[in-house]
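Chain residues, written in single-letter form:
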Amino acid sequence: MAKLKVYVKNNQSEVKVPVGIRLLIRRCCQAVLITEKYGKDAEVSVSFVSNSEIRKLNKVYRNKDSVTDVLSFPLTGSDGTVEINQETGAVLLGDVVISLETAVKQAQNYGHSLEREIGFLTVHSMLHLLGYDHETSQLDQRIMREKEESVLEKLGISRDVTFVTGENT
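My aim in this report is to walk through the structure given alongside it, one point at a time.

Reading guide: rules and limits
Residues numbered from 1 in each chain as written. Predicted model: local features only at pLDDT ≥ 70, side-chain atom pairs only at ≥ 80, totals over all residues. Heavy atoms only, no water. Axes fitted to C-alpha atoms, helices over the stretch in contact; angles between N-to-C directions. Helix = DSSP H or I, 4+ residues; strand = E, 2+ residues; numbered from the N terminus. Left-handed = near helix turned anticlockwise from the far one by under 90°. Contact = heavy atoms within 4.5 Å. Nonpolar A, V, L, I, M, F, W, Y, C, P; charged D, E, K, R; others polar. Buried < 20%, exposed > 50% of the residue type's maximum accessible area, 1.4 Å probe, protein only. Pairing = 2+ DSSP bridges. Right-handed = clockwise from strand over helix to strand, strands pointing away. 1 Å grid on protein atoms, 1.4 Å probe; cavity = no way out; pocket = protein on both sides within 12 Å on 5 of 7 lines; lining within 4 Å. Points joined across faces, edges and corners; volume = space filled by probe spheres on them. Salt bridge = Lys/Arg side-chain N within 4 Å of Asp/Glu carboxyl O.

Some points on the packing of helix α1 (residues 21–35) against helix α4 (residues 114–129)
- Orientation of α1 relative to α4, taken along the N-to-C sense of each, is 35°, at an axis distance of 9 Å. For the pair α1 and α4, the crossing hand works out as right-handed. Facing α1, whose interface residues are Ile-21, Leu-24, Ile-25, Cys-28, Cys-29, Val-32 and Leu-33, α4 presents Glu-115, Ile-118, Gly-119, Thr-122, Val-123, Met-126 and Leu-127.
- In terms of residue class, the contact of α1 with α4 is built from 11 nonpolar, 2 polar and 1 charged.

Rendered as structure tokens:
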């Protein structure tokens with residue numbers, strides 16, 4: 001099986017990062033790569049930021065002056081070229097940026113756990129890093145949503161099931 005290195009950074013102080021979230025993110029990233037049969041060693045970076053920081057990034061990179069939940073920055077070129085970590089030989093898939101503040105708010109709004117929300121955002125972004133785009137058509141949106149739910153279900157955090165930690169047992 002190909003190796004995956006996930007770098008998780010907390011670049012915000014508004015919300016405490018819950019125990020187990022870093023492992024959850026790694027599991028989500030790995031599950032997407034397995035589901036998509038991505039057979040190369042890979043690296044991905046996931047950062048938690050504040051609402052103000054994600055708003056700035058959204059404005060600079062997408063020309064949208066608003067807070068969003070997650071941004072994906074794929075490193076694969078439009079022609080399919082990839083960047084390689086010269087030390088490890090791993091493909092650099094890209095960067096995922098999550099607003100933890102917005103994730104907390106959305107989890108409350110949707111009535112599910114923060115873990116489910118972060119898992120969803122991670123899987124969603126990983127699919128973007130692999131080239132999926134839900135904004136191109138309704139069909140692409142449906143395909144991406146089905147893939148998201150399939151991966152989350154395999155991880156035991158589907159819509160109907162919530163993430164269970166050792167504290168709950």
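Thoughts on the pairing of strand β2 (residues 42–49)
- Burial analysis of β2 places 8 of its 8 residues in the buried class, the great majority of the element.
- Neither face of β2 is exposed, since Ala-42, Val-44, Val-46 and Phe-48 on one face and Glu-43, Ser-45, Ser-47 and Val-49 on the opposite face are all buried.
- For strand β1 (residues 4–10) and β2, the ladder comprises 7 bridges, and the chain directions are parallel. Across the sheet, the residue bridging to Asn-10 is Phe-48, located in β2.
- With α1 bridging β1 and its parallel neighbour β2, the resulting β-α-β unit is left-handed.
- Two strands pair when backbone bridges link them, and β2 and strand β5 (residues 91–99) are joined in this way by 8 bridges, in the parallel orientation. Within β5, the residue paired with Phe-48 across the bridge is Ile-98.

What about the layout of surface pockets?
- Within this model, the largest pocket holds a volume of roughly 680 Å³.
- As for the largest pocket, its lining consists of 31 residues, of which Asp-69, Val-70, His-124, His-128 and His-134 are closest to the centre.
- Among the elements of the structure, α2 (51–62), β3 (70–74), α3 (100–110), α4 and α5 (138–154) are those that each provide at least two residues to the lining of the largest pocket.
- Among the elements that line the lining of the largest pocket, the one with the most residues is α4, at 8 residues.
- In terms of residue class, the lining of the largest pocket is built from 11 nonpolar, 10 polar and 10 charged.

Quick notes on the pattern of salt bridges
- This model, assessed by the stated rule, comprises 5 salt bridges.
- Arg-62 is the salt-bridge partner of Glu-135, the closest N and O atoms lying 3.1 Å from each other. Separated by 73 residues along the polypeptide, Glu-135 in the loop between α4 and α5 and Arg-62 in helix α2 bring together distant segments of the chain.
- Since its relative accessible area comes to 34%, Arg-62 is described here as partly exposed.
- The salt bridge partner of Glu-149 is Arg-116, with a shortest N-O separation of 3.0 Å. Linking Glu-149 in helix α5 with Arg-116 in helix α4, this pair joins segments that are 33 residues apart in sequence.

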